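# Results of the structural survey
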Amino acid sequence: MASNYSEKVMEHFRHPRNVGEMENPDGIGKVGNPTCGDIMEMYIKVKDDIITDVKFKTFGCGAAIATSSMSTEMIKGKTIEEALKLTNKAVAEALGGLPPVKMHCSVLAEEAVKAAIDDYLKKTTGKGLPGFKPSEEPICEH
Amino acid sequence: MNRIYFDYAATTPTDPRVVTAMLPYFNEKFGNPSSIHSFGQETKSAVEKAREQVAKLIGAKPAEIIFTSGGTEADNHALMGVAFANEKQGDHLIISGVEHHAITECADFLKKRGFRATVLPVDKYGLVDPAEVAKAIEAKTILVSVMHANNEIGTVQPLAAIAKVIKERKAALGAKIYFHTDAVQTAGHLPIEVDALGVDLLSISAHKLYGPKGVGALYLRKGTRLTSFLHGGAQEGGKRGSTENVPGIVGFGAAAEIARQEMAGENDRVAKLRDKLKDGLLAGIPESQLNGHPTDRLPNNLNITIKYIEGESMLLSLDMEGIAASTGSACSSGSLEPSHVLLAIGLPHELAHGSIRFSLGKYTTEAEVDRVLEIFPPIVKRLRKMSPLYVCK
């Protein structure tokens, strides 16, 4: 089992970055559902259009925790525009790849980032992310 | 790092005495048991000795044992063999909702070929109610298959009571209904007498009882109609052509013999260790619960649900400490659905994802149990800290 994961995934699982809650976040993204076995919550702090801090909490497998951790690292210090360019593929690649059955975890991580930004935009501009629709139905397959 | 194995329900190490028994049958005594010369005759008699040893383990006659490649083949042979041999009598099968995939997927396969299958519900402990079996039986029923003990949650089924209702319904309907049980988790672990259980077919796997992998057996009560599984040879009474896996069969026989002699004392020892692990974990981890029956369960099985966290991340964390366990969470299985057994006993998805199984065996020591009791609660704490479902209390 452990051997199915790259060194990098295991490293992020062992020492996840940016775990925890945040006081007064500027944006909160909640994706996934317990039925599927993974839930991600992402919190962002934004100043002058730059994501100055990120935190996450995840219920899920090793890959879910590692993709959450990696995506927070990849958007920290980035502008909103840059963070929106983060794709699930980029997260998976940065982790040295994921087993095919775990790719949905990277999709969830990308969605968590977008959901947090969507929430931030709604709070600041009154309008969310154009075209962003977090899946509300419990769809486990991605 | 000293590795610790708590996954005996997945497979067991081969007993060194079994390996010793097998070794001559690779290059010293290598004849084909179908050959009439002395090379063949010595392996033929070794296979027949093993057949007696396996038969004795379950109170059967040697002629009622068919050697197979393992538990999965035995289950496949039982379901397909009975269905195809008795299709003129009926087209209806009954299985329980907590069967191994070797049974459920055979039933699905047969359903695509014109058979019908009823899946029996189970209670919150995973038990089948014999009254439900009686209700499900109809004039066209040809087979009931209920496992002896569940591989995930350890619950032992009331087979004799189920056999009794099958017999009554059979007599009332004038039907011919066979009763099969998958005893892969119990053979060599719990005492089995096929007559007392009232079964017509029973599946065993050698590697679950300290024998080698790749060999198992199907018990077939005399007079039971069953088609052949492998065509092309007269081996195993024509039911399974193919040159016998002689070293494997010899090892299986030796393992059955050892299990029969050592079972009683070993069960008491393992059950005590399991109870220590159970009590320690349930007391040391808040919001954890036992899955499966509290008393009618395998002596070596412990399955618990840890709320708010997911099974694979528990397994990975334990594995990092050298401890091997198992989970019913989807995330470890390659599918995205959690265990059908845990869902069948009524666990909601998130609790099914949070299950973990520790299965003990004859090499498990008290020091190993203590090590899990020391290592696991902090792992749970760490993962819960990361979980959005967990609110610090």
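These lines cover the structure that appears in this document, whether it is placed above or below. As the structure is a computational prediction, the values presented were derived from the model and not from experiment.

Attention now goes to the overall build of chain A. Scanning chain A for helices and strands turns up five helices and three strands. At 14 Å, chain A has a C-alpha radius of gyration in line with the 14 Å of a compact globule built from 142 residues. Along the three orthogonal principal directions, the C-alpha set of chain A runs to about 45 × 30 × 25 Å. By residue count, 47% of the 142 residues in chain A fall in the buried class. Partitioning the contacts of chain A with sequence separation of at least 6, the portion at a separation of at least 24 is 60%.

Check the secondary structure of chain B and you find 13 helices and twelve strands. Taken over the C-alpha trace, chain B has a radius of gyration of 22 Å; the compact-globule value for 393 residues is 21 Å, and the two agree within 12%. Oriented by its inertia axes, the alpha-carbon framework of chain B measures out at about 70 × 55 × 35 Å. Taken across its 393 residues, chain B has 52% of its residues classed as buried. Taking the contacts inside chain B whose residues are at least 6 apart along the sequence as the reference set, 71% of them involve residues at least 24 apart.

So, on to the sheet that holds strand β7 (residues 201-205) of chain B. The strands making up a sheet associate through hydrogen bonds between their backbones, and the pairing can be parallel or antiparallel. Residues and elements named next belong to chain B. Strand order in the open sheet formed by seven strands is β2-β8-β7-β6-β5-β3-β4, and the pairing between neighbours is mixed. Of all strands in the sheet, those bounded by a partner on one side alone are β2 (65-68) and β4 (116-120). Ignoring which end each strand starts from, the neighbouring axes of this sheet average 20° apart. Note: strand β3 (residues 92-96) against β4, five bridges, orientation parallel. When the bridges of β4 are listed, Leu 93 appears paired with Ala 117.

Before going further, it helps to examine unusual backbone geometry. Positive phi is not limited to glycine here, since Asn 18 of chain A has a value of about 60°. What makes Asn 18 of chain A partly exposed here is the crowd of 18 C-beta atoms within 10 Å. Although it is not a glycine, Glu 287 of chain B adopts a positive phi angle of roughly 55°. Among the structural elements, Glu 287 of chain B can be located in the loop between α9 (246-284) and β9 (288-290).

Quick look at the environment of Ala 131 of chain B now. On the secondary structure map, Ala 131 of chain B appears in helix α6 (residues 130-136). On a C-alpha basis, the gap between Ala 131 of chain B and Val 165 of chain B in space is 7.6 Å, while along the polypeptide they are 34 residues apart.

Rules behind the numbers
Residues numbered from 1 in each chain as written. Chains lettered and ligands numbered in written order. Predicted model: local features only at pLDDT ≥ 70, side-chain atom pairs only at ≥ 80, totals over all residues. Helix = DSSP H or I, 4+ residues; strand = E, 2+ residues; numbered from the N terminus. Rg over C-alpha atoms; globule rule 2.2 N^0.38 Å. Buried ≥ 20, exposed ≤ 12 C-beta atoms within 10 Å, placed from the backbone. Contact = placed C-beta atoms within 7 Å. Pairing = 2+ DSSP bridges. Axes fitted to C-alpha atoms, helices over the stretch in contact; angles between N-to-C directions.

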